[in-house]
Amino acid sequence: MLGNALLLALRELRRNVMRSFLTMLGIIIGVAAVIILVTLGGGATKQVTEQISSLGSNLMMVVPGKRMGPGQGSSSAPFKLADAEAIEREISGLRAVAPASSAMVTAVLGNENWSSTVTGTTASYFDVLNRRIQEGRIFSQSEARSGVSVCIIGETIRNKLFGGQDPIGNKIRLGNISCEVIGLLAEKGQNTMGQDQDDIVIMPLRTFQRRIAGNEDISLIQVSVKDGISTDKAKVDIGRLMRVRRHLSASEDDNFSVMDLKEISTMLSGTTKVLTGLLGAVAAVSLLVGGIGIMNIMLVSVTERTREIGTRLAIGALEREVLLQFLVEAVVLSCSGGLIGIVLALTVSLGLSSLLQIPFVFNAPIVVVGFVFSGAIGVVFGYFPARKAAQLDPIEALRHE
Amino acid sequence: MINGTNSNGTERQPIIELSGVRKVYGSGTAAMEALRGVDLRIYPGEFVAVMGPSGSGKSTCMNIVGCLDTPTSGAYRFCGVEVGDLTRNQRALLRRHYLGFVFQGYNLLNRTSALENIELPLIYRGVTVRSRHQQARQAMEVVGLTGWQHHTPGELSGGQQQRVAIARAIVTQPLVLLADEPTGNLDSARSIEIMELLTSLNENQGITIVMVTHEPDMAEYATRTVHFKDGLISTDHSHKENA
Ligand SMILES: Nc1ncnc2c1ncn2[C@@H]1O[C@H](COP(=O)(O)OP(=O)(O)OP(=O)(O)O)[C@@H](O)[C@H]1O
Ligand SMILES: [Mg+2]
């Protein structure tokens, strides 16, 4: 009986190709939208994760305050240089430790000026973050100790201030101080959050604290772990050390956090997930509209085929057999829409992901969910018209014109 | 199935037994009494012609006999079973397994081949595809439509459509064949063929036939003629001794 109903449904669909297609459109768009969003969202998340791990999968950040966002101000007490030194001295398995403190300044050269972030840090910074020098040099140990006004600038700064010229050896003004450019960072481009990683000025921590910040605070300690050493262990060790140094009693919560890349990427992909969820809701509405379209066309079909239904009932079809026939028809309609939607979504996702230069991540579960969901819509919205057909009075139906 | 309870004098149990059947359409002032107390017994093997003027209630009566409709009052027993007591689905099963119906307006499925139209009742009986084809082809041969199996009703003449309708009704070898003007659209030569077909089904396969007709010539083929007038049976007589 089911096979027969399926056959009849397919034939009915073929008879009204245009009408069937238009009816399916809502489902097609809904299913395609869901799959495209999830696929692209997944690709974007993967890209974020990949970019973060390109920083070095052994990077950790220690920030004051109990929260997830890196580099944001906090009400907890900042670190001091001694904290970074203690980490370097007492925690084993670390490759480099770079304390850092940053501020917004305006960099000026002649008539050109450009607002940027200046970061005071140690020579380890270049190690920890994998930044290379393209031209010139980084500051020496003695320069760092004595706190002379030297800086290393990123490609963006060079562009804005020097145009195409060689910046090495020139002096630029950073806020109130004059500072000699001794190095140029190799270009790195935007990071995952769209920040320009070349729009930075690096100077010795000492110089920064004395001449720009006017305090001894450290807002961020970046740590890279030796290859083969687990970040989990280093994380626990650093946490324990910092609790002691910040005099926290056993009952107090941490007032700092140690984040490794896993957490950072979870945090970032969380944003993507919210977005995906929101757009998914829009897609769900589209599926609902598609379902109503199917119900509408099935009601039209039942009316058009009243005589056929009457004939079937008169010949001896049971109510549930007629119900099944129309229900299967609705489900075939919605499932075909689902299938077309899936094919469309995969094609569009492939195209878009190469256009947006994000990886294409095939998400099998969402494809299955999309298909099952479209089938379910057929059942839900096809039931009412099918029941209406099944409950027709055969004589009335045969007299229908 | 045939397990009658009262045998009031006749040696055989009637297959169809209408007693005091009334059928009222509509209600209040718009009420229309299509049948006004019909008593009719039809025995296995009979070939009954139902005649009467238009609007006299023939089709209404056929619908009740065919278990498509139920009387407003009165009783209808089919093989001893009170049809009024059955559910919709039980009546559907009765139609499926014991009745064949040739409707007044054929009621073939559009855009569906003749063969598939004829197979329709077999599908609901759960007959396998192979024997379905075979039985349907056989029925087409019986009504003289061999070679037309792939034509849809729209591609067939009125007479051919009528023969498809007859083939569909007889393909299941029903206990009772109900035919509402089966020769209404046929020329006299074709009509005679159909009547000979019905006669042979009646005589050779023992199918009980109730046939509505307007033509006395056609009624000649039956073993008994019942006349309807204003919702009542006016005359009822047997005219063949071979019943
Ligand atoms: N569903 C219905 N609703 C209302 N009135 C009906 C209905 N069916 C039949 N009637 C009425 O009942 C009466 C008997 O109709 P019926 O169809 O039984 O006549 P008939 O003898 O078959 O006529 P014909 O020879 O024209 O087919 C008619 O007056 C008709 O108008
Ligand atoms: Mg009639």
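Residues numbered from 1 in each chain as written. Chains lettered and ligands numbered in written order. Predicted model: local features only at pLDDT ≥ 70, side-chain atom pairs only at ≥ 80, totals over all residues. Heavy atoms only, no water.

**Description of the overall build of chain B**
Consideration 1: Broken down by element type, chain B carries seven helices and 10 strands.
Consideration 2: Taking 2.2 N^0.38 as the reference for a compact globule, 243 residues should give roughly 18 Å; the C-alpha atoms of chain B span a radius of gyration of 18 Å, in line with that estimate.
Consideration 3: The burial tally for chain B puts 51% of its 243 residues in the buried class.
Consideration 4: Counted over contacts in chain B with a minimum sequence separation of 6, partners at least 24 positions apart contribute 67%.
Consideration 5: Carbon and sulfur atoms make up 47% of the accessible area of chain B, which amounts to about 10600 Å² in all. (Helix = DSSP H or I, 4+ residues; strand = E, 2+ residues; numbered from the N terminus. Rg over C-alpha atoms; globule rule 2.2 N^0.38 Å. Buried < 20%, exposed > 50% of the residue type's maximum accessible area, 1.4 Å probe, protein only. Contact = heavy atoms within 4.5 Å. Areas by Shrake-Rupley, 256 points an atom, 1.4 Å probe, with all protein chains shown as cover.)

**A look at the coordination of the magnesium ion (ligand 2)**
Residues and elements named next belong to chain B.
Consideration 1: Around the magnesium ion (ligand 2), the protein supplies Ser59 (OG) and Gln104 (OE1) as donor atoms, at distances of 1.9 to 2.5 Å. Here the residue Ser59 occupies a position in helix 1 (residues 58-65), and Gln104 occupies one in the loop between strand 6 (99-102) and helix 3 (114-125), the gap between them amounting to 45 residues.
Consideration 2: According to the relative accessible area criterion, Ser59 is partly exposed, its value standing at 26%.
Consideration 3: Exposure remark for Gln104: the relative accessible area of 42% places this residue in the partly exposed category. (Donors = N, O, S within 2.8 Å, 3.2 Å for Na, K, Ca; no water.)

**Considering the nonpolar core**
For soluble globular proteins, nonpolar side chains are generally found buried alongside one another.
Consideration 1: By size, the foremost hydrophobic cluster in this structure holds 44 residues, and its most contacted members are Ile35(A), Ile309(A), Val322(A) and Phe326(A).
Consideration 2: For Ile309(A), the contacting residues outside a window of four places in its chain are Val302(A), Val322(A), Phe326(A), Ala389(A) and Leu392(A). (Core = buried A, V, L, I, M, F, W, Y, C linked by side-chain atoms within 4.5 Å.)

**Thoughts on the domain arrangement of chain A**
Consideration 1: Domain boundaries in chain A define domain 1 (2-51 + 266-399) and domain 2 (95-218).
Consideration 2: Between domain 1 of chain A and domain 2 of chain A, the C-alpha centre-to-centre distance is 57 Å. (Domains from an automatic or database assignment.)

**What to know about a nonpolar patch on the surface**
Residues and elements named next belong to chain A.
Consideration 1: There is a patch of nonpolar side chains on the surface, built from Met18, Phe21, Leu22, Leu25, Ile29 and Ile340 and spanning about 540 Å² of accessible area.
Consideration 2: Of all the elements, helix 2 (residues 17-54) adds the most residues to the nonpolar patch, at five residues.
Consideration 3: Residue position: Phe21 is located in helix 2.
Consideration 4: Residue Phe21 is classed as partly exposed on the basis of its relative accessible area, which comes to 37%. (Patch = residues over 30% accessible without salt bridge, like charges linked within 9 Å, V, L, I, M, F, W, Y side chains within 5 Å. Salt bridge = Lys/Arg side-chain N within 4 Å of Asp/Glu carboxyl O.)

**Quick notes on helix 6 (residues 188-204) of chain B**
Residues and elements named next belong to chain B.
Consideration 1: The end-to-end C-alpha distance of helix 6 is 23 Å, a good match for the 24 Å that 17 residues give at a rise of 1.5 Å each.
Consideration 2: For helix 6, every residue scored as buried is listed here: Ser191, Ile194, Met195, Leu197, Leu198, Thr199, Leu201 and Asn202.
Consideration 3: Taken together, the buried residues of helix 6 touch strand 3 (47-51), helix 4 (129-142), helix 5 (158-170), strand 7 (176-180), strand 8 (208-212) and helix 7 (216-219).
Consideration 4: Its side-chain oxygen placed 3.1 Å from the backbone nitrogen of Ala189, Asp187 serves as the N-cap of helix 6.
Consideration 5: Looking one or two places after helix 6, you find Gly206, whose phi comes out positive at around 70°. (Expected span 1.5 Å × (residues − 1). Polar contact = N/O pair within 3.5 Å; in protein donor to acceptor, adjacent residues only side chain to side chain.)

**What about the pairing of strand 2 (residues 32-42) of chain B?**
All names here are of chain B.
Consideration 1: Relative to strand 2, strand 1 (residues 16-25) runs antiparallel, the two sharing eight bridges. From the neighbouring strand, Arg22 faces strand 2, where its bridge partner is Arg36.
Consideration 2: Remark: six residues form the turn of the hairpin made by strand 1 and strand 2, two consecutive strands paired antiparallel; Gly26 in that turn has positive phi of roughly 75°. (Pairing = 2+ DSSP bridges.)

**A look at the packing of helix 1 (residues 2-15) of chain A against helix 11 (residues 319-355) of chain A**
Residue and element names in this part refer to chain A.
Consideration 1: As a packed pair, helix 1 and helix 11 sit with axes 8 Å apart at the nearest point and diverge in direction by 55°. The angle between the axes of helix 1 and helix 11 places the two elements in the oblique class. As for how helix 1 packs across helix 11, the hand of that crossing is right-handed. On helix 11, the residues touching Leu2, Ala5, Leu6, Leu8, Ala9, Leu10, Glu12 and Leu13 of helix 1 are Leu324, Gln325, Val328, Glu329, Val332, Leu333 and Ser336.
Consideration 2: Among the residues making up the contact of helix 1 with helix 11, the classes are represented as 11 nonpolar, two polar and two charged. (Axes fitted to C-alpha atoms, helices over the stretch in contact; angles between N-to-C directions. Parallel < 35°, antiparallel > 145°, perpendicular 65-115°, else oblique. Left-handed = near helix turned anticlockwise from the far one by under 90°. Nonpolar A, V, L, I, M, F, W, Y, C, P; charged D, E, K, R; others polar.)

**Describing the packing of aromatic side chains**
Consideration 1: As enumerated under the stated definition, the model contains four aromatic pairs over all chains in all.
Consideration 2: Residues Tyr125(A) and Phe126(A) carry aromatic rings whose centres are separated by 5.6 Å and whose planes lie at 85° to one another, so their mutual orientation is edge-to-face. Of the two residues examined, Tyr125(A) and Phe126(A), each falls in the buried class.
Consideration 3: For the pair Phe78(B) and Tyr98(B), a centre-to-centre distance of 6.5 Å together with 55° between the ring planes defines the contact as tilted. Here Tyr98(B) lies in helix 2 (residues 88-98) and Phe78(B) lies in strand 4 (residues 73-78), a separation of 20 residues in the sequence.
Consideration 4: Residue Phe78(B) is classed as buried on the basis of its relative accessible area of 0%.
Consideration 5: A connected cluster of aromatic rings, assembled from ring pairs, spans Tyr125(A), Phe126(A) and Phe139(A). (Phe/Tyr/Trp six-rings, centres within 6.5 Å; stacked < 30°, edge-to-face > 60°.)

**A few points about the interface of chain A and chain B**
Consideration 1: Facing 25 residues of chain A, the contacting portion of chain B comprises 23 residues.
Consideration 2: The largest per-residue losses of area from chain A upon contact with chain B belong to Arg15(A), Ile315(A) and Ile395(A), which jointly make up 27% of the total buried on that side.
Consideration 3: Between chain A and chain B we count three salt bridges in total.
Consideration 4: The partner of Arg88(B) in a salt bridge is Glu319(A), and the shortest N-O contact between them spans 2.7 Å.
Consideration 5: At the boundary of chain A and chain B, one finds 12 residue pairs in polar contact (both at pLDDT 80 or more).
Consideration 6: Among the elements that make up the side of chain A that touches chain B, the one with the highest residue count is helix 10 (residues 306-315) of chain A (seven residues).
Consideration 7: Split into classes, the residues belonging to the side of chain A that touches chain B amount to 11 nonpolar, five polar and nine charged. (Buried area = accessible area lost by both parts, 1.4 Å probe.)

**Structural notes on the site of ligand 1**
Consideration 1: Lining the immediate environment of ligand 1, one finds 15 residues, of which Ser54(B), Gly55(B), Lys58(B), Ser59(B) and Thr60(B) sit closest.
Consideration 2: Chains contributing residues to the immediate surroundings of ligand 1 are chains A and B.
Consideration 3: Taking Arg399(A), its side chain carries an N or O atom lying 3.0 Å from a nitrogen atom of ligand 1.
Consideration 4: The separation between an oxygen atom of ligand 1 and a polar side-chain atom of His214(B) is 3.3 Å.
Consideration 5: Here ligand 1 has 630 Å² of accessible area as a free molecule, and 73% of this is covered by the chains.
Consideration 6: Breaking the shell around ligand 1 down by element, the ones donating at least two residues are strand 2 and helix 1 of chain B.
Consideration 7: In terms of residues, the shell around ligand 1 owes the most to one element, helix 1 of chain B, which gives three residues. (Near = heavy atom within 4 Å.)

**Brief notes about the pattern of salt bridges**
Here the idea is simple: oppositely charged side chains can pair when their charged atoms come close.
Consideration 1: Across all of its chains, the model carries 25 salt bridges over all chains by this definition.
Consideration 2: As a salt-bridge pair, Glu155(A) and Arg158(A) come within 2.8 Å of each other at their nearest N and O atoms. One end of the pair is Glu155(A) and the other is Arg158(A), both in helix 6 (residues 155-162) and three residues apart, which spans about a single turn. With respect to burial, Glu155(A) and Arg158(A) carry one shared label: buried.
Consideration 3: For Asp236(B), the salt bridge identified is with Arg224(B), shortest N-O distance 2.8 Å. A residue pair is termed long-range when its members are at least 10 positions apart, and Asp236(B) in strand 10 (residues 232-238) and Arg224(B) in strand 9 (residues 224-229) qualify at 12 residues.
Consideration 4: When its relative accessible area of 38% is taken as the criterion, Asp236(B) is described as partly exposed.
Consideration 5: In the salt-bridge network here, residues are joined through shared partners; they are Glu12(A), Arg15(A), Arg305(A), Glu308(A), Arg312(A) and Glu329(A).

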